[in-house]
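Each chain, letter by letter, is given below.
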Amino acid sequence: MSRILGEERHALAVYDPVSGSAVTLHYRQPTSEERVAYQLSAFRLEGGQRRFCLGETRLKFGLEILTGFGTGDFLITEDGGEVPLDPERHPDWKERVKEHAPDLVSYLAQQIFEGLRVVPREEQERS
């Protein structure tokens, strides 16, 4: 499938080991500046020592590009029952996802910022 250049909304379906189901994360493409900032923030100098900060970097930048998720992919307890988390009704939706599903947000960032792979020569020749 071809990449549609200029497409503003993208989706990544991932298997959520907690719920045992697929969760669809909607995201925007990172800017060139965000890609550079992501790479630079993976390490930090603290007290003259280099500190590996990839976990924090993935979560921070994953939240920045996350624009939503599939309907019903996240449920919350509200008014005594379970209701879908909805960005339209719940302005704190990113904070809730950050607190309760940071693994999925971090995985999104890992795939989008670090996930490019080279196609093996054999597969290129079959195309």
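The shown structure was predicted, so the numbers you read here are calculated from the model rather than taken from an experiment. (Residues numbered from 1 in each chain as written. Predicted model: local features only at pLDDT ≥ 70, side-chain atom pairs only at ≥ 80, totals over all residues. Heavy atoms only, no water.)

S.K.: Let's hear about the nonpolar core: which residues, and what values?
M.R.: Membership of the largest hydrophobic core comes to 27 residues, with the highest contact counts inside it found for L25, F74, V97 and L108. Secondary structure elements with two or more residues in this core: β1 (10-16), β2 (21-27), α2 (54-65), β5 (66-69), α3 (93-100) and α4 (102-114). Every residue in contact with L25, bar those within four places of it in the chain, is listed here: H10, A11, L12, V14, L66, G68, F69, F74, L104 and L108. (Core = buried A, V, L, I, M, F, W, Y, C linked by side-chain atoms within 4.5 Å. Buried < 20%, exposed > 50% of the residue type's maximum accessible area, 1.4 Å probe, protein only. Helix = DSSP H or I, 4+ residues; strand = E, 2+ residues; numbered from the N terminus. Contact = heavy atoms within 4.5 Å.)

S.K.: Can you tell me about the side chain of E34, naming the residues and giving the values?
M.R.: The topology assignment puts E34 in helix α1 (residues 32-41). Taking relative accessible area as the criterion, E34 reaches 12% and is therefore assigned buried.

S.K.: I'd like a description of the packing of α1 against α2, backed by residues and values.
M.R.: The description of two helices packed together rests on the angle between their axes and the distance between the axes. Interaxial distance between α1 and α2 falls to 9 Å at its minimum, and their mutual angle equals 160 degrees. By the angle between their directions, the pair α1 and α2 is classed as roughly antiparallel. Here α1 runs over α2; the crossing is right-handed. Between α1 and α2, the residues in contact are E34, A37, Y38 and S41 and L54, T57, R58, F61, E64 and I65, respectively. Counted by class, the contact of α1 with α2 contains five nonpolar, two polar and three charged residues. (Axes fitted to C-alpha atoms, helices over the stretch in contact; angles between N-to-C directions. Parallel < 35°, antiparallel > 145°, perpendicular 65-115°, else oblique. Left-handed = near helix turned anticlockwise from the far one by under 90°. Nonpolar A, V, L, I, M, F, W, Y, C, P; charged D, E, K, R; others polar.)

S.K.: An account of the packing of aromatic side chains is requested, with residue identities and associated values reported.
M.R.: Taken as a whole and assessed by the stated rule, the structure comprises six aromatic pairs. Between Y38 and F61 the ring centres are 5.5 Å apart and the planes differ by 80 degrees, which places this aromatic pair in the edge-to-face class. You can see Y38 sitting in helix α1 and its partner F61 sitting in helix α2, a full 23 residues away along the chain. Per residue, the accessibility class of Y38 equals that of F61, and both read buried. With centroids separated by 4.3 Å and ring planes inclined at 5 degrees, the aromatic side chains of Y38 and F113 adopt a geometry described as stacked. Highlighted residues: Y38 in helix α1 and F113 in helix α4, separated in sequence by 75 residues. For F113, a relative accessible area of 10% translates into the label buried. Put simply, the rings of Y38, F61 and F113 pair up and form one aromatic cluster. Directly above the ring of F43 sits R50, whose terminal nitrogen or CZ lies 4.4 Å from the centroid. (Phe/Tyr/Trp six-rings, centres within 6.5 Å; stacked < 30°, edge-to-face > 60°. Lys NZ or Arg CZ within 6 Å of the ring centre and 35° of its normal.)

S.K.: Would you mind going over the pattern of salt bridges in detail, with residue names and values included?
M.R.: Going through the model one piece at a time under the given rule, you end up with eight salt bridges. With a closest N to O distance of 3.9 Å, K60 and E64 form a salt bridge. Remark: E64 and K60 occur in helix α2; sequence separation between them is four residues, near one turn of the helix. Classification of K60 as partly exposed rests on a relative accessible area of 47%. Take E64: its relative accessible area is 31%, and that puts it in the partly exposed class. (Salt bridge = Lys/Arg side-chain N within 4 Å of Asp/Glu carboxyl O.)

Any functional reading would require information beyond the geometric quantities listed.
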